[in-house]
Amino acid sequence: TYSDCCKGACSEDTASQIMSLLLKGAAFASSRPSTLKTTQELVFKLVEVAPQGSSTADNVVDLIQQHGLKAKKPKVVKFAATLVLQLVQEFGTSVFNVSKLSAVHETLVANSNDKIRGVGIEVLAELCRTFGSKTPLQALVDKLKKSQQSQLDSLLDKQPTAKHPSRRLRCLRGVQIATQPPEE
């Protein structure tokens, strides 16, 4: 892909432009599984090739929240929600700003679609696993309905600790992986 071979794709501006085009074009609304898979991989690459100290990962999540999670087409919202969850699961929460992920969680939980609300609970569960408890995120947990809180508890009971990220930022390859708390 372009972002794999071209040094220019590493810049925050180019990554933001690519993400904006994906979100405003037909990529997130496609009915073709191959198009959705290619879109997902391109978004993963944009985060993966981000230079150290870059805010590209946060910009990607921010753009997905602004244009994907608030889209009028339910298909776009569902794909965007799943993509954010996959980003968090693949790269770990330490790559992203907690306030951005918290805002995504709140947007997802407020959605009228039950499956999308479930994805919001899963994003919160990933954050809780990273912190090791619900306490740092108690304000978000308290806003949940009782059924959502029990869903969160069951997710945390099934898997109490965060998994090792399966992808890494290229700028951190060769660096010892440590379970580091997410950025505030």
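Structure: above.
Draft legend 1. Representation of the overall build of the protein in the model. The number of helices and strands found in the protein is nine helices and zero strands. Ordered by position from N to C terminus, the α and β elements of the protein give α-α-α-α-α-α-α-α-α. Relative to its full complement of 184 residues, the protein shows a buried share of 46%. By sequence separation, contacts in the protein at least 24 residues apart represent 69% of the contacts at least 6 residues apart. Carbon and sulfur atoms make up 52% of the accessible area of the protein, which amounts to about 9600 Å² in all.

Draft legend 2. Helix α7 (residues 114-131), seen in detail. For α7, with 18 residues, the first-to-last C-alpha span of 26 Å sits near the 26 Å given by 1.5 Å per residue. The elements touched by buried residues of α7 are α5 (74-91), α6 (98-109), α8 (138-143) and α9 (146-158). Structurally, the start of α7 carries an N-cap: the backbone nitrogen of Lys115 is 2.8 Å from a side-chain oxygen of Asn113.

Draft legend 3. Quick look at the packing of helix α4 (residues 56-68) against α6. At a closest axis distance of 10 Å, the pairing of α4 and α6 adopts a crossing angle of 20°. The angle between α4 and α6 falls in the class roughly parallel. Considering how the two elements wind past one another, α4 and α6 form a crossing that is left-handed. Residue-level contacts link Asp58, Val61, Asp62 and Gln65 of α4 to Lys100, Leu101, Ala103, Val104 and Thr107 of α6. Partitioned by chemical class, the residues of the contact of α4 with α6 number four nonpolar, two polar and three charged.

Draft legend 4. The pattern of salt bridges, seen in detail. One pass over the structure, following the stated rule, counts ten salt bridges. Between Arg167 and Glu48 there is a salt bridge, with its nearest N and O atoms 3.6 Å apart. Taken together, the residues span a long stretch of sequence, with Arg167 in the segment after α9 and Glu48 in helix α3 (residues 33-48) at a distance of 119 residues. Take Arg167: its relative accessible area is 18%, and that puts it in the buried class.

Draft legend 5. Layout of the nonpolar core. In this structure, Met19, Phe28, Ile64, Leu87 and Phe96 are the most contacted members of the largest nonpolar core, which totals 54 residues. Looking at this core, the element that brings in the most residues is α5, giving eleven residues. Apart from residues no more than four positions distant in its own chain, Met19 is found in contact with Phe28, Val43, Leu46, Val60, Leu63 and Ile64.

Draft legend 6. Region of the structure containing the packing of aromatic side chains. Per the stated rule, a full pass over the model turns up two aromatic pairs. Ring centres of Phe28 and Phe79 lie 4.9 Å apart, and the angle between their planes is 85°; on these two criteria the pair is classed as edge-to-face. Of this pair, Phe28 sits in the loop between α2 (12-24) and α3 while Phe79 sits in helix α5, and the two are 51 residues apart along the sequence. Under the relative-accessibility criterion, Phe79 is labelled buried at 12%. Judged by centre distance (6.1 Å) and plane angle (85°), the ring pair of Phe44 and Phe91 falls under edge-to-face. Placement of the pair is Phe44 in helix α3 and Phe91 in helix α5, with a sequence separation of 47 residues. Note on Phe44: relative accessible area 1%, which makes it buried. With a relative accessible area of 2%, Phe91 lands in the buried category.

Definitions and limits used
Residues numbered from 1 in each chain as written. Predicted model: local features only at pLDDT ≥ 70, side-chain atom pairs only at ≥ 80, totals over all residues. Heavy atoms only, no water. Helix = DSSP H or I, 4+ residues; strand = E, 2+ residues; numbered from the N terminus. Buried < 20%, exposed > 50% of the residue type's maximum accessible area, 1.4 Å probe, protein only. Contact = heavy atoms within 4.5 Å. Areas by Shrake-Rupley, 256 points an atom, 1.4 Å probe, with all protein chains shown as cover. Expected span 1.5 Å × (residues − 1). Polar contact = N/O pair within 3.5 Å; in protein donor to acceptor, adjacent residues only side chain to side chain. Axes fitted to C-alpha atoms, helices over the stretch in contact; angles between N-to-C directions. Parallel < 35°, antiparallel > 145°, perpendicular 65-115°, else oblique. Left-handed = near helix turned anticlockwise from the far one by under 90°. Nonpolar A, V, L, I, M, F, W, Y, C, P; charged D, E, K, R; others polar. Salt bridge = Lys/Arg side-chain N within 4 Å of Asp/Glu carboxyl O. Core = buried A, V, L, I, M, F, W, Y, C linked by side-chain atoms within 4.5 Å. Phe/Tyr/Trp six-rings, centres within 6.5 Å; stacked < 30°, edge-to-face > 60°.

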